[in-house]
Amino acid sequence: MKDKLNILWTSESRDTFFNMLSMYTINAKKRGWWKEVNVIIWGGSARLTGTDTQVQSEIMEMIAQGIHIEACQDCAERYGVSEILKRSGIIVRYMGEPMTAYLKADEKFIFV
């Protein structure tokens, strides 16, 4: 089994982002708790990311630390933030098939 953690982030809460998601992902990668850490931005988290420059800055730092971040293209388009997410270094794509593949491969998930 792969040493990979996926975090499906749907919350629009800044507190959840800063006090759980970014804190855990950065430490998980830096301390070697997981070889790969993948964050999936879906739903309201796309709007938060696209409209909050502090969140965008933290995400760019997460990417610099080696954390993979991708976002649901449909959600990003609905909120009008696709280009902002892409400029932040986030991979924006339709996530239905990739998410299904992760689940069918029995990859580990945290839902935030």
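Only a predicted model underlies this, so the values are computations on that prediction, with no experimental measurement involved.

Scoring rules and cut-offs
Residues numbered from 1 in each chain as written. Predicted model: local features only at pLDDT ≥ 70, side-chain atom pairs only at ≥ 80, totals over all residues. Heavy atoms only, no water. Buried < 20%, exposed > 50% of the residue type's maximum accessible area, 1.4 Å probe, protein only. Helix = DSSP H or I, 4+ residues; strand = E, 2+ residues; numbered from the N terminus. Arc of directions from axis to C-beta. Contact = heavy atoms within 4.5 Å. Polar contact = N/O pair within 3.5 Å; in protein donor to acceptor, adjacent residues only side chain to side chain. Phe/Tyr/Trp six-rings, centres within 6.5 Å; stacked < 30°, edge-to-face > 60°. Pairing = 2+ DSSP bridges. Salt bridge = Lys/Arg side-chain N within 4 Å of Asp/Glu carboxyl O.

Enquirer: Can you help me understand helix 6 (residues 96–104) in this one?
Expert: Note that an α-helix has 3.6 residues per turn; residues three or four places apart therefore point the same way. Residues of helix 6 that are buried include every one of Pro-98, Met-99 and Tyr-102, and no others. Projection of helix 6 onto a plane perpendicular to its axis shows the buried side chains occupying an angular sector of 100°, all on one side. Looking at helix 6, the residues exposed on the side facing more than 90 degrees away from the buried face are Glu-97 and Lys-104. Looking at the buried positions of helix 6, the neighbouring elements they touch are strand 1 (4–9), strand 2 (36–41), strand 3 (68–72), strand 4 (91–93) and strand 5 (108–111). Among the residues trailing helix 6, Asp-106 stands out with phi positive, at a value near 60°.

Enquirer: What is the right way to read the side chain of Asn-38 from this model?
Expert: Assignment of secondary structure puts Asn-38 in strand 2. At 2.8 Å, the side chain of Asn-38 forms a polar contact with the side chain of Glu-70. The contacts of Asn-38, once residues within four sequence positions are left out, are Lys-4, Leu-5, Asn-6, Ile-7, His-68, Ile-69, Glu-70 and Tyr-102.

Enquirer: Honestly, the packing of aromatic side chains in this entry has me stumped. Any pointers?
Expert: To describe a pair of aromatic rings, you give the distance between the ring centres and the angle between the ring planes. If you walk through the whole model with that rule in mind, you get four aromatic pairs. Between the aromatic rings of Phe-17 and Phe-18, the centroid separation amounts to 4.9 Å while the plane-to-plane angle is 80°, which identifies the pairing as edge-to-face. Residue Phe-17 is classed as buried on the basis of its relative accessible area of 0%. Taken together, Trp-9, Phe-17 and Phe-18 form an aromatic cluster joined through their ring pairs.

Enquirer: Is there a simple way to explain the pairing of strand 3 in this structure?
Expert: Successive side chains on a regular strand alternate, one facing one side of the sheet and the next facing the other. Strand 3 sits mainly inside the fold: four of its five residues count as buried. The pairing of strand 2 with strand 3 spans four bridges and is parallel. Bridge pairing links Asn-38 to His-68 in strand 3. Note that strand 3 and strand 4 share three bridges and pair parallel. Within the sheet, the bridge partner assigned to Glu-70 lies in strand 4 and is Ile-91.

Enquirer: Whenever I open this one, helix 2 (residues 44–51) confuses me. Can you help?
Expert: The buried count for helix 2 comes to six of eight residues, which makes it a mostly enclosed element. Every buried residue belonging to helix 2 is among Gly-44, Ser-45, Ala-46, Leu-48, Thr-49 and Gly-50, and all of these are buried. Contacts made by the buried residues of helix 2 are with strand 1, helix 1 (14–30), strand 2, helix 3 (53–64), helix 4 (73–78) and helix 5 (82–87).

Enquirer: Would you explain the pattern of salt bridges in this entry?
Expert: Close approach of charged atoms lets side chains of opposite charge pair. Per the stated rule, a full pass over the model turns up six salt bridges. Among the ionic pairs, Glu-12 bridges to Arg-47, the shortest N-O distance being 2.8 Å. In this pair, Glu-12 is assigned in the loop between strand 1 and helix 1 and Arg-47 in helix 2, connecting sequence segments 35 residues apart. On the basis of relative accessible area, Arg-47 is assigned to the partly exposed category, the value being 36%. Between Arg-14 and Asp-52 there is a salt bridge, with the nearest N and O atoms lying 2.4 Å from each other. Placement of Arg-14 in helix 1 and of Asp-52 in the loop between helix 2 and helix 3 is noted, with a sequence separation of 38 residues between them. Here Asp-52 falls in the buried class, since its relative accessible area comes to 12%.

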